[in-house]
Amino acid sequence: MPITERPDEVFVRGEGAWLWDDQGRRHLDWLQGWAVNALGHCPPVLAQALQAQATTLITPSPALHNRPSLALAARLCGLSGMHQAWFGSTGAEANEGAIKLARKWGRARRDGAFEVITFDNAFHGRTLATMAASGKPGWERLFPPQAPGFAKARWNDLDSVRALVGPQTVAVMLEPVQGEAGVRPAGPGFLRGLRALCDEQRLLLIFDEVQTGCGRLGELFAFQRHGVLPDVVTLGKGLGGGVPISALLAREPACVFEHGDQGGTYGGHPLMAAAALAVLEVVAQPAFLAGVRERGEQLAAGLRTLARRHGGGEVRGDGLLWALELGRDDGPALVQAARARGLLVNAARPHCLRFMPRLNSTAEEIDHGLALLDDTPAGGAGA
Ligand SMILES: Cc1ncc(COP(=O)(O)O)c(C=O)c1O
């Protein structure tokens, strides 16, 4: 089904920072599966974990325990300070679970409250409920009737959140950095203010860390970067380092799921859980996370230089998730022109480029990508 525009090339092989097309051309990949391949393409630790698990137990059934998913739940709870975990396959599925958890908590603990406050330009996934939770312009008209139970506040505007709180409000849900909106970080004061507001009004604070979690911002979780502890966290993307696994984590007061409330055939799949455990062993290391921050500073400094040289605008982001405002709407043409030069990037919005290199990028790769961008003509001419 024609769900998106794709270039004609077919991509056939990946290794580390590089992706090869069927014409044998090599591309420096700053998409990395859409911020998914935390350790780059086909990292040996991931391939070995998959191989070992695939020859041991692929799946017993979601109705039976398996070792990798038990170990992953324990590891993630230990690292995050959360108390329970549920596993799905996609970020949207984890967020859908978070919304269900909030509604259950509201029914049990808050007189049936069910409404979740989310934000303009937010992105939480493409199921009906997560599309309604998202604030992507135009989405509210796409598949009517829209799922009810969401109210939209303005980004980084605590008063706009406070104004929406009512007797039916159960939670506030947000991305610590709005990724798909063009890499728009929540201010640290905004996050602290939301925590205080949720405490004062007895609401759950839900962080969608599908894009920002698992080391992307230079801490294992974005909430650790800002010192604000949410009640519920969702993870996806980088968690599996390239394979489909997502997680819903909750702290004790919010752990209200009972038998029958949540499930899925592939939930806690041992093959995916084994992959996630292998990736976590690497990305949770303090020295690894320090490397993400260092490479991020290098990338940001380079982007600022390019912005000055080519008349671009703001450079926003953290860790290894960055955006460059172009000051014009030629993002899609630039993406094409950069690909012609051997660099894969994304225009999160027509007026900005987004960069999501592998977390173990080398200094040389960052310099090489910046040089390719420098060489990409404004307006995409010469593509
Ligand atoms: C913050 C955030 N939440 C949820 C999702 C949806 O994840 P998935 O595409 O795995 O369903 C995304 C995907 O880009 C995301 O960036």
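Here the structure is shown first, and the text comes after it.
Parameters and conventions
Residues numbered from 1 in each chain as written. Predicted model: local features only at pLDDT ≥ 70, side-chain atom pairs only at ≥ 80, totals over all residues. Heavy atoms only, no water. Pairing = 2+ DSSP bridges. Helix = DSSP H or I, 4+ residues; strand = E, 2+ residues; numbered from the N terminus. Core = buried A, V, L, I, M, F, W, Y, C linked by side-chain atoms within 4.5 Å. Buried < 20%, exposed > 50% of the residue type's maximum accessible area, 1.4 Å probe, protein only. Domains from an automatic or database assignment. Contact = heavy atoms within 4.5 Å. Near = heavy atom within 4 Å. Polar contact = N/O pair within 3.5 Å; in protein donor to acceptor, adjacent residues only side chain to side chain. Areas by Shrake-Rupley, 256 points an atom, 1.4 Å probe, with all protein chains shown as cover. 1 Å grid on protein atoms, 1.4 Å probe; cavity = no way out; pocket = protein on both sides within 12 Å on 5 of 7 lines; lining within 4 Å. Sits in = over half its atoms within 2 Å of the grid points. Nonpolar A, V, L, I, M, F, W, Y, C, P; charged D, E, K, R; others polar. Points joined across faces, edges and corners; volume = space filled by probe spheres on them.

Asker: Looking at this structure, how should I read the pairing of strand 1 (residues 11–15)?
Answerer: Within a regular strand, side chains alternate between the sheet's two faces. Of the pairings in the sheet, the one linking strand 1 to strand 2 (residues 18–21) comprises four bridges and is antiparallel in character. Its bridge partner being in strand 2, Glu15 is matched across the sheet by Trp18. Where strand 1 folds back onto strand 2 in an antiparallel hairpin, the turn is made up of two residues, including Gly16, whose phi is positive at roughly 60 degrees.

Asker: Looking at this model, I keep getting lost on the nonpolar core. Mind explaining?
Answerer: Soluble globular proteins tend to pack their nonpolar side chains together in the buried interior. Formed by 79 residues in total, the largest nonpolar core has its most connected members in Leu76, Phe119 and Phe355. With nine residues, helix 9 (residues 270–283) is the single largest residue contributor to this core. Counting only domains with at least three residues in this core, you end up with domain 1 (11–30 + 286–380) and domain 2 (45–283). For Leu76, the residues in contact, after removing those within four places along its chain, are Phe87, Phe221, Leu235, Leu239, Ala247, Leu249 and Leu280. With 22 residues, the next largest nonpolar core counts Ala102, Leu204, Cys255 and Val256 among its residues.

Asker: Before we go on, may I ask you to explain the site of the ligand in this structure?
Answerer: Residues in contact with the ligand amount to 13 residues; listed here are only the nearest, Gly91, Ala92, Asp208, Gln211 and Lys237. At 2.8 Å from an oxygen atom of the ligand is found a main-chain nitrogen or oxygen belonging to Ala92. Separating an oxygen atom of the ligand from a side-chain N or O atom of Glu180 is a distance of 3.4 Å. Summarising the interface, the protein chains cover 83% of the accessible area of the ligand, which totals 390 Å² for the free molecule. Mapping the ligand onto the cavity grids shows that it belongs to the largest pocket. The element that contributes the greatest number of residues to the shell around the ligand is helix 4 (residues 91–109), accounting for three residues. By residue class, the composition of the shell around the ligand is three nonpolar, six polar and four charged.

Asker: Sorry, what's going on with empty space enclosed by the protein here?
Answerer: Empty space among the atoms becomes visible once a probe the size of a water molecule is rolled across them. Throughout the structure, instances matching the rule amount to three cavities of 30 Å³ or more. There is about 170 Å³ of room inside the largest cavity. If you trace the largest cavity, you find 13 residues lining it, with His310, Leu324, Leu326, Arg328 and Leu334 closest to the centre. With three residues, helix 10 (residues 286–310) is the single largest residue contributor to the lining of the largest cavity. In terms of residue class, the lining of the largest cavity is built from nine nonpolar, three polar and one charged. Looking at the second largest cavity, its volume works out to about 70 Å³.

Asker: I'm lost on the layout of surface pockets in this one. Help?
Answerer: The calculated volume of the largest pocket comes to roughly 2000 Å³. Surrounding the largest pocket, 46 residues form its lining, Thr4, Trp34, Glu180, Asn346 and Arg354 being those nearest its centre. Elements with a contribution of two residues or more to the lining of the largest pocket: helix 1 (32–35), helix 4, helix 11 (331–340) and strand 16 (346–349). Ranked by residue count, the leading element in the lining of the largest pocket is helix 11, at five residues. For the lining of the largest pocket, a count of residues per class yields 22 nonpolar, twelve polar and twelve charged. The two domains that each donate at least three residues to the lining of the largest pocket are domain 1 (11–30 + 286–380) and domain 2 (45–283).

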